[in-house]
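Here is how the chains run, residue by residue.
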Amino acid sequence: MSVQNIPGSCNPRETAVDVAIIGAGPAGLTAGYLLTKQGLSVAIIEKDQTYVGGISRTVEHEGYRFDIGGHRFFSKSAAVVDLWNEILPDDFIQRPRMSRIYYEGKFYSYPLRAFEALWNLGVVRSALCMISFAKAKAFPNRNVKSFEDWTVNQFGHKLYSIFFKTYTEKVWGMPCDEMSADWAAQRIKGLSLWSAVVDGLKRSLGLNKRPNDGMQTKTLLETFRYPRLGPGMMWDAARDKIVASGKGEVLMGHSLKQLASDNAGGWRMTATCPAGDIVIRAAHTISSAPMRELAARLHPLPATSFNAKQLKYRDFLTVALKIRADEDMFPDNWIYIHDSKVKVGRIQNFRSWSPEMVPDAGVACVGLEYFCFEGDGLWSMDDDDLVALATREMAQLGLVSAEQVIGGAVVRQEKAYPVYDEDYAAHVDAMRRELEVTWPSLHLVGRNGMHRYNNQDHAMMTAMLTVENIVAGQRIYDTWCVNEDAEYHEAGDEGAEQAIVPTRTALTKDQAAALASVREVPQRVASDKRDAA
(Lines give C-alpha, C1' and ligand atoms only; values in the text may rest on other atoms or scores of the structure.)
Protein backbone atom coordinates (compact mmCIF):
# COMPACT_ATOMS: atom_id res chain seq x y z
CA MET A 1 0.00 0.00 0.00
CA SER A 2 1.11 3.57 -0.51
CA VAL A 3 0.69 7.32 -0.27
CA GLN A 4 -1.19 8.67 -3.27
CA ASN A 5 -1.08 12.38 -3.87
CA ILE A 6 -0.92 12.83 -7.65
CA PRO A 7 -4.34 14.03 -8.87
CA GLY A 8 -3.87 12.57 -12.34
CA SER A 9 -3.29 9.11 -10.90
CA CYS A 10 -6.74 8.91 -9.33
CA ASN A 11 -8.41 6.27 -11.50
CA PRO A 12 -11.85 5.07 -10.43
CA ARG A 13 -11.32 1.89 -8.48
CA GLU A 14 -12.55 -0.08 -5.52
CA THR A 15 -10.64 -1.47 -2.57
CA ALA A 16 -11.47 -3.26 0.67
CA VAL A 17 -9.86 -2.80 4.07
CA ASP A 18 -10.65 -3.59 7.67
CA VAL A 19 -10.99 0.07 8.68
CA ALA A 20 -11.57 3.23 6.63
CA ILE A 21 -10.40 6.46 8.25
CA ILE A 22 -11.55 9.99 7.40
CA GLY A 23 -8.85 12.59 8.04
CA ALA A 24 -5.07 12.32 8.46
CA GLY A 25 -4.78 14.50 11.54
CA PRO A 26 -3.43 13.39 14.95
CA ALA A 27 -6.51 11.25 15.69
CA GLY A 28 -6.77 9.63 12.26
CA LEU A 29 -3.05 8.86 11.97
CA THR A 30 -2.86 7.57 15.56
CA ALA A 31 -5.70 5.17 14.80
CA GLY A 32 -4.14 4.10 11.51
CA TYR A 33 -0.74 3.49 13.06
CA LEU A 34 -2.07 1.42 15.95
CA LEU A 35 -4.47 -0.57 13.74
CA THR A 36 -1.69 -1.56 11.33
CA LYS A 37 0.42 -2.62 14.32
CA GLN A 38 -2.45 -4.96 15.19
CA GLY A 39 -2.33 -6.42 11.68
CA LEU A 40 -5.48 -4.71 10.42
CA SER A 41 -5.60 -3.01 7.03
CA VAL A 42 -6.55 0.66 6.77
CA ALA A 43 -7.22 3.29 4.13
CA ILE A 44 -6.98 6.94 5.20
CA ILE A 45 -8.41 9.74 3.09
CA GLU A 46 -7.10 13.30 3.51
CA LYS A 47 -8.46 16.23 1.52
CA ASP A 48 -5.19 18.21 1.68
CA GLN A 49 -3.06 17.32 -1.33
CA THR A 50 0.25 17.96 0.43
CA TYR A 51 0.18 17.87 4.22
CA VAL A 52 -0.93 15.42 6.88
CA GLY A 53 -1.41 16.45 10.51
CA GLY A 54 -4.54 18.61 10.21
CA ILE A 55 -4.19 21.69 12.41
CA SER A 56 -0.98 20.08 13.75
CA ARG A 57 0.68 20.11 10.34
CA THR A 58 3.83 22.03 9.46
CA VAL A 59 3.58 24.12 6.28
CA GLU A 60 6.78 24.78 4.33
CA HIS A 61 7.37 27.81 2.09
CA GLU A 62 10.75 28.47 0.45
CA GLY A 63 12.51 26.47 3.18
CA TYR A 64 10.72 28.24 6.04
CA ARG A 65 8.40 26.15 8.22
CA PHE A 66 5.23 27.34 9.94
CA ASP A 67 3.47 25.75 12.92
CA ILE A 68 -0.26 26.37 12.46
CA GLY A 69 -1.39 27.54 15.88
CA GLY A 70 1.59 26.45 17.98
CA HIS A 71 1.77 22.91 19.39
CA ARG A 72 3.69 22.06 22.53
CA PHE A 73 4.21 18.33 22.95
CA PHE A 74 3.12 17.83 26.54
CA SER A 75 0.83 15.22 28.04
CA LYS A 76 0.11 13.82 31.46
CA SER A 77 -0.61 10.46 29.82
CA ALA A 78 2.42 8.17 29.76
CA ALA A 79 0.79 6.18 26.96
CA VAL A 80 0.63 9.26 24.73
CA VAL A 81 4.21 10.27 25.54
CA ASP A 82 5.40 6.73 24.83
CA LEU A 83 3.60 6.76 21.50
CA TRP A 84 5.23 10.07 20.53
CA ASN A 85 8.63 8.59 21.37
CA GLU A 86 7.85 5.43 19.43
CA ILE A 87 6.81 7.26 16.27
CA LEU A 88 9.52 9.94 16.42
CA PRO A 89 12.33 8.56 18.63
CA ASP A 90 15.26 10.76 17.62
CA ASP A 91 13.95 14.18 16.62
CA PHE A 92 12.57 15.86 19.75
CA ILE A 93 14.30 18.91 21.16
CA GLN A 94 13.71 20.62 24.51
CA ARG A 95 12.61 24.25 24.15
CA PRO A 96 12.06 27.06 26.68
CA ARG A 97 8.45 28.15 27.08
CA MET A 98 7.70 31.86 26.95
CA SER A 99 4.56 33.71 25.98
CA ARG A 100 3.66 37.25 26.96
CA ILE A 101 1.10 39.95 26.31
CA TYR A 102 2.18 42.89 24.14
CA TYR A 103 0.36 46.14 24.83
CA GLU A 104 1.36 49.65 23.76
CA GLY A 105 5.00 48.76 23.24
CA LYS A 106 5.51 46.83 26.50
CA PHE A 107 5.54 43.15 27.39
CA TYR A 108 3.44 41.70 30.22
CA SER A 109 3.80 38.23 31.67
CA TYR A 110 1.23 35.60 30.78
CA PRO A 111 -0.50 34.45 32.95
CA LEU A 112 -0.87 38.07 34.01
CA ARG A 113 1.18 39.25 36.99
CA ALA A 114 -0.88 42.05 38.42
CA PHE A 115 1.94 43.92 40.20
CA GLU A 116 4.11 43.88 37.07
CA ALA A 117 1.12 45.00 34.98
CA LEU A 118 0.43 47.98 37.22
CA TRP A 119 4.12 48.95 37.18
CA ASN A 120 4.30 48.82 33.37
CA LEU A 121 1.12 50.86 32.98
CA GLY A 122 2.63 53.83 34.77
CA VAL A 123 1.56 55.86 37.80
CA VAL A 124 -1.50 57.61 36.36
CA ARG A 125 -3.02 54.65 34.57
CA SER A 126 -2.21 52.33 37.48
CA ALA A 127 -3.97 54.73 39.82
CA LEU A 128 -7.02 54.71 37.56
CA CYS A 129 -6.90 50.91 37.47
CA MET A 130 -6.82 50.70 41.26
CA ILE A 131 -9.67 53.22 41.58
CA SER A 132 -11.66 51.16 39.08
CA PHE A 133 -10.82 48.00 41.02
CA ALA A 134 -11.86 49.58 44.33
CA LYS A 135 -15.14 50.70 42.79
CA ALA A 136 -15.85 47.19 41.52
CA LYS A 137 -15.23 45.77 44.98
CA ALA A 138 -17.27 48.42 46.74
CA PHE A 139 -20.18 48.26 44.30
CA PRO A 140 -20.05 44.83 42.64
CA ASN A 141 -22.53 43.71 40.03
CA ARG A 142 -24.85 41.37 41.91
CA ASN A 143 -26.44 40.05 38.73
CA VAL A 144 -23.47 38.42 37.03
CA LYS A 145 -24.33 36.79 33.70
CA SER A 146 -21.52 37.47 31.25
CA PHE A 147 -17.75 37.25 30.92
CA GLU A 148 -17.67 41.04 31.13
CA ASP A 149 -19.73 41.09 34.36
CA TRP A 150 -17.51 38.52 36.05
CA THR A 151 -14.17 40.02 34.94
CA VAL A 152 -15.11 43.60 35.82
CA ASN A 153 -16.15 42.41 39.28
CA GLN A 154 -12.77 40.72 39.71
CA PHE A 155 -10.44 43.38 38.30
CA GLY A 156 -12.39 46.58 37.68
CA HIS A 157 -13.45 47.93 34.30
CA LYS A 158 -10.09 49.53 33.47
CA LEU A 159 -7.97 46.37 33.74
CA TYR A 160 -10.73 44.35 32.07
CA SER A 161 -10.72 46.66 29.05
CA ILE A 162 -6.91 46.49 28.73
CA PHE A 163 -6.13 42.83 29.39
CA PHE A 164 -9.27 40.80 28.76
CA LYS A 165 -11.79 42.41 26.42
CA THR A 166 -9.89 43.01 23.15
CA TYR A 167 -8.06 39.70 22.77
CA THR A 168 -11.00 37.60 23.92
CA GLU A 169 -13.33 39.21 21.39
CA LYS A 170 -10.76 38.79 18.61
CA VAL A 171 -10.42 35.07 19.26
CA TRP A 172 -14.07 34.13 19.64
CA GLY A 173 -15.80 36.68 17.43
CA MET A 174 -18.47 37.63 19.93
CA PRO A 175 -18.83 40.51 22.42
CA CYS A 176 -17.68 39.82 25.97
CA ASP A 177 -21.10 40.82 27.31
CA GLU A 178 -22.56 37.86 25.40
CA MET A 179 -20.08 35.25 26.70
CA SER A 180 -20.98 33.11 29.68
CA ALA A 181 -19.66 34.13 33.10
CA ASP A 182 -19.03 30.44 33.81
CA TRP A 183 -16.29 30.37 31.19
CA ALA A 184 -14.61 33.40 32.76
CA ALA A 185 -14.63 31.72 36.17
CA GLN A 186 -12.98 28.60 34.70
CA ARG A 187 -10.50 30.44 32.52
CA ILE A 188 -9.22 33.03 35.00
CA LYS A 189 -9.73 31.20 38.28
CA GLY A 190 -6.98 31.56 40.86
CA LEU A 191 -5.82 35.05 39.90
CA SER A 192 -6.37 37.62 42.65
CA LEU A 193 -5.42 41.24 41.95
CA TRP A 194 -5.34 42.27 45.58
CA SER A 195 -3.18 39.35 46.74
CA ALA A 196 -0.79 39.97 43.83
CA VAL A 197 -0.40 43.66 44.69
CA VAL A 198 0.11 42.96 48.40
CA ASP A 199 2.60 40.21 47.60
CA GLY A 200 4.48 42.50 45.19
CA LEU A 201 4.78 45.21 47.83
CA LYS A 202 6.05 42.70 50.39
CA ARG A 203 8.67 41.39 47.99
CA SER A 204 9.82 44.92 47.13
CA LEU A 205 10.37 45.51 50.85
CA GLY A 206 12.15 42.18 51.25
CA LEU A 207 9.38 40.80 53.45
CA ASN A 208 8.38 37.94 51.17
CA LYS A 209 10.79 35.95 49.05
CA ARG A 210 8.28 33.35 47.91
CA PRO A 211 7.81 33.40 44.12
CA ASN A 212 4.15 34.25 43.76
CA ASP A 213 2.26 36.29 41.20
CA GLY A 214 -1.18 36.04 42.76
CA MET A 215 -1.88 32.75 41.01
CA GLN A 216 -2.94 30.06 43.43
CA THR A 217 -2.83 27.50 40.62
CA LYS A 218 0.36 25.82 39.49
CA THR A 219 2.71 27.70 37.22
CA LEU A 220 2.89 26.64 33.59
CA LEU A 221 5.72 24.38 32.53
CA GLU A 222 8.95 26.22 31.78
CA THR A 223 10.14 23.97 28.94
CA PHE A 224 8.48 21.63 26.50
CA ARG A 225 9.45 19.05 23.91
CA TYR A 226 9.06 19.84 20.24
CA PRO A 227 9.91 18.08 16.95
CA ARG A 228 12.88 19.90 15.46
CA LEU A 229 11.06 20.52 12.15
CA GLY A 230 7.68 21.30 13.68
CA PRO A 231 4.67 19.19 14.70
CA GLY A 232 4.11 17.96 11.16
CA MET A 233 7.34 15.98 11.49
CA MET A 234 5.54 13.70 13.95
CA TRP A 235 2.61 13.10 11.63
CA ASP A 236 4.76 12.68 8.52
CA ALA A 237 6.56 9.91 10.43
CA ALA A 238 3.27 8.30 11.47
CA ARG A 239 2.07 8.35 7.85
CA ASP A 240 5.34 6.80 6.65
CA LYS A 241 5.14 4.01 9.24
CA ILE A 242 1.54 3.23 8.26
CA VAL A 243 2.53 2.90 4.60
CA ALA A 244 5.74 0.97 5.41
CA SER A 245 3.71 -1.62 7.31
CA GLY A 246 2.20 -2.80 4.04
CA LYS A 247 -1.21 -2.63 5.70
CA GLY A 248 -2.01 1.04 5.17
CA GLU A 249 -2.82 3.43 2.35
CA VAL A 250 -2.94 7.23 2.69
CA LEU A 251 -4.92 8.93 -0.07
CA MET A 252 -3.94 12.60 -0.31
CA GLY A 253 -6.19 15.11 -2.03
CA HIS A 254 -9.24 12.90 -1.47
CA SER A 255 -12.41 14.33 0.08
CA LEU A 256 -15.32 12.39 1.52
CA LYS A 257 -18.16 12.22 -1.01
CA GLN A 258 -20.44 9.70 0.68
CA LEU A 259 -20.35 7.27 3.55
CA ALA A 260 -23.04 4.65 3.01
CA SER A 261 -24.07 1.75 5.17
CA ASP A 262 -23.68 -1.58 3.36
CA ASN A 263 -26.69 -2.92 5.30
CA ALA A 264 -24.48 -5.63 6.78
CA GLY A 265 -22.88 -3.64 9.58
CA GLY A 266 -20.08 -2.27 7.43
CA TRP A 267 -19.44 0.69 5.14
CA ARG A 268 -19.05 1.75 1.55
CA MET A 269 -17.05 4.99 1.51
CA THR A 270 -16.73 7.04 -1.65
CA ALA A 271 -13.87 9.54 -1.78
CA THR A 272 -13.32 11.97 -4.61
CA CYS A 273 -10.29 13.68 -6.12
CA PRO A 274 -9.95 15.89 -9.22
CA ALA A 275 -9.61 12.88 -11.53
CA GLY A 276 -12.39 10.70 -10.16
CA ASP A 277 -13.70 8.60 -7.29
CA ILE A 278 -12.49 5.69 -5.24
CA VAL A 279 -14.78 3.32 -3.31
CA ILE A 280 -13.47 1.88 -0.05
CA ARG A 281 -15.32 -0.99 1.59
CA ALA A 282 -14.64 -1.48 5.28
CA ALA A 283 -16.02 -3.22 8.34
CA HIS A 284 -15.43 -0.10 10.46
CA THR A 285 -15.11 3.61 9.75
CA ILE A 286 -13.30 6.12 11.96
CA SER A 287 -14.19 9.76 11.33
CA SER A 288 -12.30 12.85 12.44
CA ALA A 289 -14.26 14.96 9.95
CA PRO A 290 -16.42 17.79 11.34
CA MET A 291 -19.69 16.34 12.58
CA ARG A 292 -21.61 18.77 10.38
CA GLU A 293 -19.85 17.54 7.24
CA LEU A 294 -20.08 13.87 8.19
CA ALA A 295 -23.84 14.03 8.78
CA ALA A 296 -24.42 15.64 5.38
CA ARG A 297 -22.57 12.79 3.63
CA LEU A 298 -23.99 9.84 5.55
CA HIS A 299 -26.41 7.54 3.72
CA PRO A 300 -29.07 7.04 4.78
CA LEU A 301 -29.26 10.56 6.18
CA PRO A 302 -29.37 10.44 9.99
CA ALA A 303 -32.41 11.82 11.79
CA THR A 304 -30.09 14.18 13.66
CA SER A 305 -28.68 15.78 10.50
CA PHE A 306 -30.60 18.93 11.48
CA ASN A 307 -28.72 18.98 14.79
CA ALA A 308 -25.39 18.61 12.98
CA LYS A 309 -26.21 21.54 10.69
CA GLN A 310 -26.52 23.80 13.74
CA LEU A 311 -22.90 23.24 14.82
CA LYS A 312 -20.63 26.23 14.24
CA TYR A 313 -16.89 26.78 14.02
CA ARG A 314 -14.32 29.55 14.41
CA ASP A 315 -11.59 29.74 11.78
CA PHE A 316 -8.25 31.50 11.59
CA LEU A 317 -5.43 32.26 9.19
CA THR A 318 -1.70 32.77 9.64
CA VAL A 319 0.27 35.35 7.69
CA ALA A 320 3.93 34.35 7.86
CA LEU A 321 6.38 37.19 7.29
CA LYS A 322 10.08 36.91 6.54
CA ILE A 323 11.87 39.87 8.10
CA ARG A 324 15.44 40.98 7.55
CA ALA A 325 16.84 41.26 11.07
CA ASP A 326 20.05 40.42 12.87
CA GLU A 327 18.08 38.96 15.74
CA ASP A 328 14.50 38.00 16.56
CA MET A 329 12.21 40.78 17.75
CA PHE A 330 11.26 38.89 20.90
CA PRO A 331 12.32 35.57 22.51
CA ASP A 332 8.75 34.35 23.12
CA ASN A 333 7.21 31.39 21.32
CA TRP A 334 4.29 33.73 20.75
CA ILE A 335 2.88 37.00 22.02
CA TYR A 336 -0.74 38.01 22.56
CA ILE A 337 -1.75 41.33 20.99
CA HIS A 338 -4.12 43.29 23.26
CA ASP A 339 -4.58 46.25 20.96
CA SER A 340 -7.94 47.09 19.44
CA LYS A 341 -6.33 49.22 16.73
CA VAL A 342 -5.01 46.14 14.91
CA LYS A 343 -6.75 42.97 13.79
CA VAL A 344 -3.97 40.51 14.60
CA GLY A 345 -4.58 38.49 17.76
CA ARG A 346 -1.36 36.56 18.27
CA ILE A 347 2.14 36.52 16.75
CA GLN A 348 4.24 33.34 16.56
CA ASN A 349 8.03 33.47 16.54
CA PHE A 350 8.92 30.30 14.66
CA ARG A 351 12.63 30.30 15.51
CA SER A 352 11.72 30.23 19.21
CA TRP A 353 9.84 26.99 18.57
CA SER A 354 12.84 25.48 16.81
CA PRO A 355 15.91 27.11 15.22
CA GLU A 356 15.57 24.65 12.33
CA MET A 357 12.20 26.16 11.34
CA VAL A 358 14.05 29.24 10.01
CA PRO A 359 16.98 28.40 7.69
CA ASP A 360 18.55 31.90 7.39
CA ALA A 361 20.26 33.31 10.49
CA GLY A 362 19.82 36.83 9.14
CA VAL A 363 16.07 36.49 8.68
CA ALA A 364 13.39 36.33 11.34
CA CYS A 365 10.13 34.55 10.56
CA VAL A 366 6.94 35.33 12.43
CA GLY A 367 3.34 34.25 11.96
CA LEU A 368 0.54 36.76 12.54
CA GLU A 369 -2.67 34.96 13.49
CA TYR A 370 -6.02 36.42 12.52
CA PHE A 371 -9.16 34.87 13.96
CA CYS A 372 -12.13 34.97 11.62
CA PHE A 373 -15.11 33.10 10.18
CA GLU A 374 -14.82 31.28 6.88
CA GLY A 375 -16.12 33.57 4.16
CA ASP A 376 -15.86 36.85 6.08
CA GLY A 377 -13.77 39.85 5.03
CA LEU A 378 -10.45 38.66 6.45
CA TRP A 379 -10.85 35.09 5.23
CA SER A 380 -11.73 36.23 1.70
CA MET A 381 -8.88 38.74 1.29
CA ASP A 382 -6.26 38.06 -1.38
CA ASP A 383 -2.99 36.67 -0.05
CA ASP A 384 -1.04 39.74 -1.20
CA ASP A 385 -3.47 42.02 0.63
CA LEU A 386 -3.13 39.95 3.79
CA VAL A 387 0.67 40.13 3.63
CA ALA A 388 0.39 43.90 3.21
CA LEU A 389 -2.02 44.10 6.18
CA ALA A 390 0.31 42.06 8.38
CA THR A 391 3.27 44.21 7.36
CA ARG A 392 1.40 47.41 8.24
CA GLU A 393 0.30 46.06 11.59
CA MET A 394 3.80 44.93 12.55
CA ALA A 395 4.98 48.49 11.87
CA GLN A 396 1.96 49.96 13.69
CA LEU A 397 2.78 47.86 16.74
CA GLY A 398 6.34 49.13 16.65
CA LEU A 399 7.83 45.65 16.28
CA VAL A 400 9.44 46.13 12.87
CA SER A 401 9.58 48.61 10.00
CA ALA A 402 7.78 47.76 6.78
CA GLU A 403 11.04 47.99 4.82
CA GLN A 404 12.43 45.01 6.71
CA VAL A 405 9.74 42.63 5.43
CA ILE A 406 11.13 40.69 2.46
CA GLY A 407 8.33 38.22 1.79
CA GLY A 408 5.29 36.44 3.16
CA ALA A 409 2.84 33.57 2.80
CA VAL A 410 -0.71 32.89 3.97
CA VAL A 411 -2.08 29.68 5.50
CA ARG A 412 -5.82 29.36 6.13
CA GLN A 413 -7.19 26.95 8.75
CA GLU A 414 -10.89 26.29 8.53
CA LYS A 415 -12.82 24.96 11.52
CA ALA A 416 -9.93 25.51 13.91
CA TYR A 417 -12.17 25.85 16.98
CA PRO A 418 -15.59 24.31 17.64
CA VAL A 419 -18.03 26.97 18.83
CA TYR A 420 -19.83 26.24 22.09
CA ASP A 421 -23.09 28.10 21.67
CA GLU A 422 -26.20 27.75 23.80
CA ASP A 423 -27.43 24.53 22.16
CA TYR A 424 -24.26 22.86 20.91
CA ALA A 425 -24.10 20.21 23.66
CA ALA A 426 -27.65 19.02 22.97
CA HIS A 427 -26.94 18.85 19.23
CA VAL A 428 -23.72 16.87 19.72
CA ASP A 429 -25.32 14.49 22.21
CA ALA A 430 -28.31 13.83 19.95
CA MET A 431 -26.11 12.94 16.96
CA ARG A 432 -23.67 10.92 19.01
CA ARG A 433 -26.41 8.79 20.54
CA GLU A 434 -28.14 8.14 17.22
CA LEU A 435 -24.91 7.09 15.52
CA GLU A 436 -23.88 4.77 18.36
CA VAL A 437 -27.24 2.98 18.31
CA THR A 438 -27.81 2.90 14.55
CA TRP A 439 -24.22 2.39 13.34
CA PRO A 440 -22.00 0.94 16.11
CA SER A 441 -19.18 0.42 13.57
CA LEU A 442 -18.89 4.19 12.99
CA HIS A 443 -16.48 5.82 15.44
CA LEU A 444 -16.02 9.56 16.01
CA VAL A 445 -12.60 10.84 17.16
CA GLY A 446 -10.61 14.05 17.47
CA ARG A 447 -11.43 17.73 17.85
CA ASN A 448 -13.88 18.24 15.01
CA GLY A 449 -14.98 14.62 14.90
CA MET A 450 -16.38 15.08 18.41
CA HIS A 451 -16.90 18.88 18.29
CA ARG A 452 -14.70 19.25 21.36
CA TYR A 453 -12.01 21.88 21.87
CA ASN A 454 -9.29 19.48 22.94
CA ASN A 455 -5.54 19.25 23.06
CA GLN A 456 -3.53 17.01 20.75
CA ASP A 457 -3.13 14.26 23.34
CA HIS A 458 -6.90 14.11 23.93
CA ALA A 459 -7.45 13.63 20.20
CA MET A 460 -4.87 10.86 20.20
CA MET A 461 -6.38 9.13 23.21
CA THR A 462 -9.84 9.05 21.62
CA ALA A 463 -8.21 7.24 18.69
CA MET A 464 -6.22 4.91 20.94
CA LEU A 465 -9.35 3.85 22.82
CA THR A 466 -11.30 3.51 19.58
CA VAL A 467 -8.66 1.06 18.32
CA GLU A 468 -9.10 -0.93 21.53
CA ASN A 469 -12.86 -1.02 20.91
CA ILE A 470 -12.44 -2.21 17.31
CA VAL A 471 -9.95 -4.92 18.25
CA ALA A 472 -12.24 -6.08 21.09
CA GLY A 473 -15.27 -6.16 18.79
CA GLN A 474 -17.31 -3.99 21.15
CA ARG A 475 -17.26 -0.52 22.73
CA ILE A 476 -15.42 -1.42 25.90
CA TYR A 477 -14.33 2.22 26.36
CA ASP A 478 -16.50 5.31 26.26
CA THR A 479 -14.32 7.84 24.45
CA TRP A 480 -16.81 10.62 25.22
CA CYS A 481 -16.60 10.25 28.97
CA VAL A 482 -14.41 13.14 30.15
CA ASN A 483 -14.07 14.33 33.72
CA GLU A 484 -15.36 17.88 33.34
CA ASP A 485 -14.07 18.78 36.81
CA ALA A 486 -10.52 17.65 36.12
CA GLU A 487 -7.96 20.45 36.03
CA TYR A 488 -5.46 20.02 33.22
CA HIS A 489 -2.78 22.65 33.69
CA GLU A 490 0.40 22.35 31.67
CA ALA A 491 2.41 21.81 34.82
CA GLY A 492 4.21 18.99 36.51
CA ASP A 493 5.82 15.93 34.94
CA GLU A 494 4.62 14.28 31.79
CA GLY A 495 2.59 11.18 32.52
CA ALA A 496 2.50 12.02 36.23
CA GLU A 497 -0.84 13.64 37.06
CA GLN A 498 -4.00 11.72 36.40
CA ALA A 499 -7.72 12.33 36.70
CA ILE A 500 -10.28 9.61 37.31
CA VAL A 501 -12.93 9.40 34.62
CA PRO A 502 -16.03 7.24 35.07
CA THR A 503 -16.57 4.92 32.09
CA ARG A 504 -18.75 2.03 31.06
CA THR A 505 -15.64 -0.13 31.55
CA ALA A 506 -12.64 0.53 33.75
CA LEU A 507 -10.46 3.26 32.25
CA THR A 508 -6.90 3.52 33.51
CA LYS A 509 -5.77 6.71 35.21
CA ASP A 510 -3.25 7.22 32.43
CA GLN A 511 -5.95 7.09 29.74
CA ALA A 512 -8.09 9.42 31.84
CA ALA A 513 -5.25 11.94 32.04
CA ALA A 514 -5.35 12.41 28.27
CA LEU A 515 -9.15 12.49 28.14
CA ALA A 516 -9.06 15.33 30.66
CA SER A 517 -6.94 17.37 28.25
CA VAL A 518 -9.74 19.59 27.01
CA ARG A 519 -9.87 23.39 26.93
CA GLU A 520 -12.52 25.80 28.14
CA VAL A 521 -14.56 27.51 25.43
CA PRO A 522 -16.86 30.48 25.99
CA GLN A 523 -20.58 29.91 25.64
CA ARG A 524 -23.11 32.60 24.91
CA VAL A 525 -25.20 33.90 27.76
CA ALA A 526 -28.45 31.96 27.70
CA SER A 527 -31.31 33.74 25.95
CA ASP A 528 -33.48 33.83 29.05
CA LYS A 529 -30.67 35.47 31.03
CA ARG A 530 -30.12 38.11 28.36
CA ASP A 531 -33.83 38.82 28.21
CA ALA A 532 -33.99 39.22 31.99
CA ALA A 533 -31.06 41.63 32.06
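The preceding data block contains the structure.
The following paragraphs examine the structure supplied in this document. (Residues numbered from 1 in each chain as written. Predicted model: local features only at pLDDT ≥ 70, side-chain atom pairs only at ≥ 80, totals over all residues. Heavy atoms only, no water.)

**Overview of the overall build of the chain**
On a plain count of helices and strands, the chain comes out with 19 helices and 20 strands. Among the 533 residues that make up the chain, the fraction classed as buried is 57%. Put simply, of all contacts in the chain between residues at least 6 apart along the chain, 73% involve residues at least 24 apart. Of the roughly 22200 Å² that the chain leaves accessible, carbon and sulfur atoms contribute 50%. (Helix = DSSP H or I, 4+ residues; strand = E, 2+ residues; numbered from the N terminus. Buried < 20%, exposed > 50% of the residue type's maximum accessible area, 1.4 Å probe, protein only. Contact = heavy atoms within 4.5 Å. Areas by Shrake-Rupley, 256 points an atom, 1.4 Å probe, with all protein chains shown as cover.)

**A look at helix α14 (residues 383-396)**
The terminal C-alpha atoms of α14 lie 20 Å apart, and with 14 residues this matches the ideal 20 Å at 1.5 Å per residue to within 8%. All of the buried residues in α14 are L386, V387, L389, A390, T391, E393 and M394. Buried residues in α14 make contact with β15 (313-324), β17 (346-349), β18 (363-372), α13 (377-380) and β19 (405-418). Just past α14, the residue G398 takes up positive phi, approximately 80°. (Expected span 1.5 Å × (residues − 1).)

**A closer look at empty space enclosed by the protein**
Within this structure, the stated rule accounts for five cavities of 30 Å³ or more. Here the largest cavity defines a volume of roughly 70 Å³. Its residues assigned to classes, the lining of the largest cavity shows three nonpolar, four polar and four charged. (1 Å grid on protein atoms, 1.4 Å probe; cavity = no way out; pocket = protein on both sides within 12 Å on 5 of 7 lines; lining within 4 Å. Points joined across faces, edges and corners; volume = space filled by probe spheres on them. Nonpolar A, V, L, I, M, F, W, Y, C, P; charged D, E, K, R; others polar.)

**Concerning the pairing of strand β7 (residues 99-103)**
A regular strand places its side chains on the two faces of the sheet in alternate fashion. Among the five residues in β7, five count as buried, and that is most of the element. Bridge count for β7 against strand β16 (residues 334-337) is four bridges, and the pairing is parallel. Each residue of the ladder has a partner; that of I101, found in β16, is Y336. Note that β7 and strand β8 (residues 106-109) share four bridges and pair antiparallel. By the bridge assignment, I101 is partnered in β8 with Y108. (Pairing = 2+ DSSP bridges.)

**Side note on the packing of helix α4 (residues 123-138) against helix α5 (residues 147-155)**
As a packed pair, α4 and α5 sit with axes 6 Å apart at the nearest point and diverge in direction by 110°. By the angle between their axes, α4 is roughly perpendicular relative to α5. From α4, F133, A136 and K137 reach across to α5, where they touch V152, N153, Q154 and F155. Tallied by class, residues from the contact of α4 with α5 come to four nonpolar, two polar and one charged. (Axes fitted to C-alpha atoms, helices over the stretch in contact; angles between N-to-C directions. Parallel < 35°, antiparallel > 145°, perpendicular 65-115°, else oblique.)

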